[in-house]
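Summary of structural features
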Amino acid sequence: MRGAPLGLLLLLLAGGGAAWWAGAGKSVWQQEAAFDQPYGGTVDGERLHLYAFNHTVRRNRTEGVRVSVSVPAAQKEAPVLFVVRQKEAVVSFQVPLILRGLFQRKYLYQDVGRTLCQPQTKNESELQFFYVDVSTLSPTNVSYQLLVTRVENFVLRTNQHLDFNATAAQPQYFKYEFPEEVDSVIVKVTSATAFPCSVISIQDILCPVYDLDNNVAFIGMYQTMTKKAAITVQKKDFPSHSFYVVVVVKTEDEACGGALPYYPFSKDEPVDQGNRQKALNVVVSPAVALQAYVSGTLFCLGIFLSFYVVTLLIACWGTWSWQRKRTAGLLAPVETPGTDTGHSGAAPDPFLGHPPYNAYGYGSFDNGSTVSTENVSDSLVSTEASYGYAGQEPCQHRQRHWAIAMDRSLENLVGRPRLDSLSSVEEDDYDTLADIDSDKNVIRTKQYLYVADLARKDKRVLRKKYQIYFWNIATIAVFYALPVIQLVITYQTVVNVTGNQDICYYNFLCAHPLGNLSAFNNILSNLGYILLGLLFLLIILQREISYNRALMRNDRQALECGIPKHFGLFYAMGTALMMEGLLSACYHVCPNYTNFQFDTSFMYMIAGLCMLKLYQKRHPDINASAYSAYACLAIVIFFSVVGVVFGKGNTAFWIVFSIIHIVSTLLLSTQLYYMGRWRLDSGILRRILHVVYTDCIRQCSGPLYADRMVLLVMGNIINWSLAAYGLLARPNDFASYLLAIGICNLLLYFAFYIIMKLRSGERLRLIPLLCIVCTSVVWGFALFFFFQGLSTWQKTPAESREHNRDCILLGFFDDHDIWHFLSSIAMFGSFLVLLTMDDDLDCVQRDKIYVF
């Protein structure tokens, strides 16, 4: 029987038409067949039908050949087998075709269509034959229908749309050949309907072509699709400079977010799904050229390096302006007490238009580690003044400071440098109130506090305390970033090796590959965080150098005037901004729900550090330590990960989190209201009842600290509302919800700070005012682009691609890239606001600066 094809061929070539051949108890009916001619017949276990086709294959022209068959009566136990034998390939399939779905469900199809793989030829033209064998093991007659046609528009043309239909049993694929001048293209497939779910695959020109739901993932690149799909293909990845675009309709919609169909409980019973047909449109367009990569990179560098140029120009202008005023005699040098020689009381600080640097010092009235009774009593007396700003006259050296300075040891008088070694300095050793702890209760519970009341610890101690913020975050960054980089490289490798593009949630309509990276533009756009974070660190370094020079000159304004400045938190903020850029870039190597915390972890840190910096400005002695601050942030990140993994639709999780949120808000409110002068112990309930009885029942009195109470009440209202929203709505994006809580609290505290600053008679200089206005505008535009939502890992990859959009900037960057640009600028501007907002107080004595 296996010798039949050769005998049949000779017979057909000699006489043509149909013929019978019998042997080994079976008979073969043979016929020469033609394209576009329907054929039908019946077969059983004793009869086999064979059709011979021939067509001319040309080297410079590719024609698609499609075999369509139908078996009206479903023979589940003995299906009809169709075998298509070609010169270099064999395709076989049974009808009814049974494909498996989830949980090994079986689906039955009686109409099957397959496109034949086209063999290559080295001749200008060649006549090739292929045969279609029809057979079955059924003991009864089974009828069938056969049709072989040529596929129109089998070769896709650049920028030309093609409409076609496909089903699970009738997949389609087409060929595309790269033009000489094109190095990469983007294949876009669209559909008007989301379901049935389909798969788009890019495969090399090889036989066989994997075009069924159960094997389409075996080779090439592929992604699931509802309404949109896009795959960028590079010529270098295909030696033949051509590829197949394969479209397969899946048996089930679960992979695309659809519901599973009804399935009978009878064991191993296949289901006839009927007509799961999908209408699609495909177009192949050239992707961006090398010039777009160069222009995009230069654009990105140009934007952020321009900030360096502007900062340098402002620094030069500030230096020139200060020197001109000094030359004109408007800035007279001030004698520094405590030394035999005079020094200038101001040093130039040209960054950001800051006036001559006025000693970023620390302490209240002297720099020693002891506090005189005069200082305390003076602060107590000053509280009797009405609650208005005491004035902004230049910092004048008072007589009692001279008395204190005269009592210092000879070692101090001969000019011991103020930048003492911090290697052995401990906060407990230099706590100026350690031996008179009762004074803390007296001072910190006054109705009106001044910065001098909360700036009593030794500056060296606080300097070391706040430097730990920087060193800790630098250590955290190293240990956090290294495994993150390793993990995302592994993700990208898996995507490249398996071809499964459902692993990563890109904006595939604007994802430009470079090397092994699938979306280089999303990574490049994060460069702003790194460059602007570095610039902020340079600005802080310059201010610290100017501050240290003032200390070396024993500048009196460094001792008595302005908000106590510490740079550790600023260094931590700049480092966090740089790490946000690095980790955001890592996240965008392969964005998905398992690594989303990489993109948000340092956002939590930035929000927390900014709130700590705002609080530190007027509460330097009682600000949180780095260890406790980072421990709290670690708890936040822990809840973020738990919420992303387990929080979706989990009522128990949301109840526990809401309770923790509310309790934490109450504890923090108590800590802030009483300036840390309370204890959480067994007697807390008794003290609460006592306060309620004395202040609310026995006599109705208002809160002692009205301003603090207003802030905390507003904060509790907002946090309780957010907790209630989370408990009721249970948003799917828990990480963004948690970040929104932090941002809302930061904005509330910042607004309170600005209002209280203006209410206290202080003012905003031009530079911080411009920073506030510009930063607010940039934040508004940034949030607009952020909420465009080009992809979302809260849905399936196919549903996420429905949100994909084309590039909108230089043909290279999308909306999310612009969010990266604008948000990095906005964060940098926000940091500048925190840095410069209290520059107007540099010549105001600390015992006249209100605490709020």
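Look above for the structure.
Here is what the cut-offs are and how they apply
Residues numbered from 1 in each chain as written. Predicted model: local features only at pLDDT ≥ 70, side-chain atom pairs only at ≥ 80, totals over all residues. Heavy atoms only, no water. Phe/Tyr/Trp six-rings, centres within 6.5 Å; stacked < 30°, edge-to-face > 60°. Buried < 20%, exposed > 50% of the residue type's maximum accessible area, 1.4 Å probe, protein only. Pairing = 2+ DSSP bridges. Helix = DSSP H or I, 4+ residues; strand = E, 2+ residues; numbered from the N terminus. Axes fitted to C-alpha atoms, helices over the stretch in contact; angles between N-to-C directions. Left-handed = near helix turned anticlockwise from the far one by under 90°. Contact = heavy atoms within 4.5 Å. Nonpolar A, V, L, I, M, F, W, Y, C, P; charged D, E, K, R; others polar. Patch = residues over 30% accessible without salt bridge, like charges linked within 9 Å, V, L, I, M, F, W, Y side chains within 5 Å. Areas by Shrake-Rupley, 256 points an atom, 1.4 Å probe, with all protein chains shown as cover. Salt bridge = Lys/Arg side-chain N within 4 Å of Asp/Glu carboxyl O. Polar contact = N/O pair within 3.5 Å; in protein donor to acceptor, adjacent residues only side chain to side chain. Expected span 1.5 Å × (residues − 1). Core = buried A, V, L, I, M, F, W, Y, C linked by side-chain atoms within 4.5 Å.

1. Quick look at the packing of aromatic side chains
- This model, assessed by the stated rule, comprises 53 aromatic pairs.
- Judged by centre distance (5.7 Å) and plane angle (65°), the rings of Tyr-210 and Phe-218 are edge-to-face.
- Judged by relative accessible area, Phe-218 falls into the exposed class, the value being 60%.
- Considering the side-chain rings of Phe-784 and Phe-785, the 5.3 Å spacing of their centres and the 80° angle between planes classify their relative orientation as edge-to-face.
- Among the aromatic side chains, those forming a connected cluster through ring pairs are Phe-638, Phe-639, Phe-653, Trp-654, Phe-657, Tyr-725, Phe-734 and Tyr-737.

2. Here's the deal with the sheet that holds strand β18 (residues 221-225)
- Strand order in the open sheet made by the five strands is β13-β15-β20-β17-β18, with mixed pairing throughout. Strands at the two margins of the open sheet, each flanked by one partner only, are β13 (155-156) and β18.
- Pairing analysis gives two bridges linking β13 to strand β15 (residues 172-177), with the strands arranged parallel. Its bridge partner lying in β15, Leu-156 is registered against Tyr-176.

3. Side note on the environment of Ile-303
- Its location among the elements puts Ile-303 in helix α2 (residues 290-327).
- Sequence separation between Ile-303 and Phe-821 is 518 residues; the distance between their C-alpha atoms is 8.8 Å.

4. With respect to the packing of helix α12 (residues 596-618) against helix α13 (residues 626-646)
- Contact pair α12 / α13: the axes reach a minimum separation of 10 Å and the direction vectors enclose 145°. As α12 runs across α13, the sense of the crossing is right-handed. Facing α12, whose interface residues are Gln-597, Thr-600, Ser-601, Tyr-604, Met-605, Gly-608, Leu-609 and Leu-612, α13 presents Ala-629, Tyr-630, Leu-633, Val-636, Ile-637, Ser-640 and Val-641.
- Among the residues making up the contact of α12 with α13, the classes are represented as 10 nonpolar, five polar and no charged.

5. Some details on a nonpolar patch on the surface
- On the surface, a cluster of nonpolar side chains totalling about 530 Å² of accessible area is made up of Ile-655, Ile-659, Val-663, Leu-667, Leu-727 and Leu-728.
- Contributions of two or more residues to the nonpolar patch are made by α14 (651-673) and α16 (706-729).
- Top contributing element to the nonpolar patch by residue count: α14, with four residues.
- If you trace the backbone, Leu-667 turns up in helix α14.
- Judged by relative accessible area, which is 37%, Leu-667 ranks as partly exposed.

6. Quick word on the side chain of Asp-213
- Tracing the backbone shows Asp-213 in the loop between β17 (198-204) and β18.
- You can call Asp-213 buried: its relative accessible area is 14%.
- Looking at Asp-213, its side chain comes within polar contact range of the side chain of Lys-250, at 2.9 Å.
- Leave out the neighbours within four places in its chain, and Asp-213 touches Arg-100, Val-248, Val-249, Lys-250 and Thr-251.

7. Re unusual backbone geometry
- Residue Pro-96 is reached from Val-95 by a cis peptide bond, and omega for that bond is 5°.
- Residue Phe-195 is joined to Pro-196 through a cis peptide bond whose omega torsion reads 10°.
- Assignment of secondary structure puts Pro-196 in the loop between β16 (184-190) and β17.
- A positive phi is found at Asn-153, a non-glycine position, where the angle reads about 55°.
- Turning to its location among the elements, Asn-153 is positioned in the loop between β12 (142-151) and β13.
- Positioned with a positive phi, Leu-810 is a non-glycine residue whose angle comes to about 60°.
- Mapped onto the elements, Leu-810 comes out in the loop between α19 (797-801) and α20 (815-836).

8. A closer look at α14
- Between its first and last C-alpha atoms α14 spans 33 Å; for 23 residues at 1.5 Å apiece the expected length is 33 Å, and the two agree.
- Check the buried side of α14 and you find it contacts α13, α16 and α17 (734-759).

9. Observations concerning the nonpolar core
- Tyr-469, Ile-473, Phe-536, Phe-602, Leu-609, Tyr-630 and Phe-657 are the most contacted members of the largest nonpolar core, which totals 114 residues.
- Excluding residues that lie within four positions of it along the chain, Tyr-469 makes contacts with Gly-568, Leu-569, Ala-572, Leu-609, Leu-612, Ala-624, Ser-625, Ala-626, Ala-629 and Tyr-630.
- In this structure, Tyr-176, Val-182, Tyr-222 and Met-225 belong to the second largest nonpolar core, which totals 39 residues.

10. Quick word on the pairing of strand β5 (residues 64-70)
- Counting buried residues in β5 gives six out of seven residues, a clear majority hidden from the surface.
- Summarising the sheet, β5 and β12 pair through seven bridges and their orientation is antiparallel. Residue pairing for β12: Ser-68 is matched across the bridge by Leu-147.
- When β5 meets strand β10 (residues 111-116), the two strands line up antiparallel, connected through six bridges. Across the sheet, Val-65 pairs through a bridge with Leu-116, a residue of β10.

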